[in-house]
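Per-entry structural report
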Amino acid sequence: QVQLVESGGGLVQPGGSLRLSCAASGSIFSINAMGWYRQAPGKERELVASITNSGFTNYADSVKGRFTISRDNAKNTVSLQMNSMKPEDTAVYYCYADRIERFSEYRSWGQGTQVTVSI
């Protein structure tokens, strides 16, 4: 069982920056990877960024060079630093954590946080 609590969403102007955080609790020792999805109205949910427990990262092409995912192992927290933001980044952002327990895979989700990029 992993619980995820997100914070940091809000309104930002184009070109601005925003930082999302996701704190994990529970069976954190079993987490293999964490990351962020986002979903805009009328669009499919898409993977924004991910980071494995070994530190490897992956980004959607649309955010490469602008977003950075990182983690603080001591605080069991994953963050998404979003710079040079565009209106197309407007979406609900969902944190996730993947884990393996007794040979079964599980995905936990945060509650979602709204990010709006607008003038």
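See above for the structure.
The structure reproduced in this document is the subject of the present report. Residue numbers here run from 1 along each chain, matching the order of that chain's written sequence. Since the coordinates come from a predicted model, pLDDT governs what is reported: local features require at least 70, and pairs of side-chain atoms require 80 or more to be given and counted, while whole-chain, interface and lining totals use all residues. To obtain the side-chain values, all non-hydrogen atoms of the structure were used and water was disregarded.

1. Considering the overall build of the protein chain
The criterion, for reference: Helix numbering and strand numbering both begin at the N terminus, where a helix is a DSSP run of H or I of at least 4 residues and a strand a DSSP run of E of at least 2. For a compact globule the rule gives 2.2 Å times the number of residues to the power 0.38, and the radius of gyration it is set against comes from C-alpha atoms.
Along the backbone of the protein chain there are zero helices and 11 strands. When the helices and strands of the protein chain are placed in sequence order, the string is β-β-β-β-β-β-β-β-β-β-β. Against the 2.2 N^0.38 benchmark of 14 Å for 119 residues, the protein chain shows a C-alpha radius of gyration of 14 Å, consistent with a compact globule. For the C-alpha atoms alone, the extent of the protein chain along its principal axes is close to 50 × 30 × 25 Å.

2. So, the nonpolar core
Counted only if it meets this: Put simply, buried Ala, Val, Leu, Ile, Met, Phe, Trp, Tyr and Cys residues joined by side-chain atoms within 4.5 Å make one nonpolar core. Exposed residues in this analysis have more than 50% of their type's maximum accessible area, buried residues have under 20%, and partly exposed residues fall in between, with area computed by a 1.4 Å probe over protein chains only. Only heavy atoms matter for contacts: two residues are in contact if any of them lie within 4.5 Å across the pair.
Core analysis: the biggest nonpolar cluster contains 29 residues, and Met34, Trp36, Leu80, Met82 and Tyr93 have the highest contact counts within it. Taken together, the elements giving at least two residues each to this core come down to β1 (2-7), β3 (18-26), β4 (31-39), β5 (46-52), β7 (67-72), β8 (77-82), β9 (91-101) and β11 (113-117). The residues touching methionine 34, leaving out its near neighbours within four places in the chain, are Leu4, Cys22, Ala24, Ser50, Ile51, Ile69, Val78, Cys95, Tyr96 and Ala97.

3. Concerning the state of the cysteines
We count it as follows: Two cysteine sulfur atoms form a disulfide, by the criterion used here, when they sit within 2.5 Å.
For the coordinates displayed, the defined rule picks out one disulfide. The disulfide partner of cysteine 22 is cysteine 95, and the S-S distance across this bridge is 2.1 Å. On the sign convention where negative means left-handed, the S-S torsion of about -85 degrees between cysteine 22 and cysteine 95 marks this disulfide as left-handed. Of this pair, cysteine 22 sits in strand β3 while cysteine 95 is found in strand β9, placing the two residues 73 residues apart along the sequence. Here cysteine 22 and cysteine 95 have matching classes, each one buried.

4. Examining the packing of aromatic side chains
Selection rule: Stacked, tilted and edge-to-face pairs are distinguished by plane angle, under 30 degrees for stacked and over 60 for edge-to-face with tilted covering the rest, among Phe, Tyr and Trp rings (Trp via its six-membered ring) whose centres lie within 6.5 Å. Placement of a charge over a ring requires the Lys NZ or Arg CZ to be within 6 Å of the ring centre, with the centre-to-atom vector within 35 degrees of the ring normal.
Counted by the stated rule, this structure contains four aromatic pairs. Taken together, the ring pairs in this structure connect Tyr37, Tyr94, Tyr96 and Trp109 into an aromatic cluster. Between the NZ or CZ atom of arginine 45 and the centre of the ring of tyrosine 94, over which it lies, the distance is 4.1 Å. Across from the ring centre of tyrosine 96, 4.2 Å away, lies the NZ or CZ of arginine 107, which sits over that ring.

5. Some points on the pattern of salt bridges
For clarity, the cut-off: Salt bridges are identified by distance alone: a Lys or Arg side-chain nitrogen within 4 Å of an Asp or Glu carboxyl oxygen.
This model, assessed by the stated rule, comprises six salt bridges. A salt bridge links aspartate 61 to lysine 64; the shortest N-O distance between them is 3.1 Å. The exposure class assigned to aspartate 61 is exposed, which follows from its relative accessible area of 64%. The class of lysine 64 is partly exposed, set by a relative accessible area of 49%. The shortest N-O distance in the salt bridge between aspartate 98 and arginine 107 comes to 2.7 Å. For aspartate 98, a relative accessible area of 19% translates into the label buried.

6. A few points about the environment of alanine 49
The residue alanine 49 is located in strand β5 in this model. Its relative accessible area of 0% is what places alanine 49 among the buried residues. With 35 residues separating them in the primary sequence, alanine 49 and serine 84 have C-alpha atoms 16 Å apart. Non-local contacts of alanine 49, meaning those with residues more than four positions away in its chain, are made with Gly35, Trp36, Asn58, Tyr59, Ile69, Leu80 and Tyr96.

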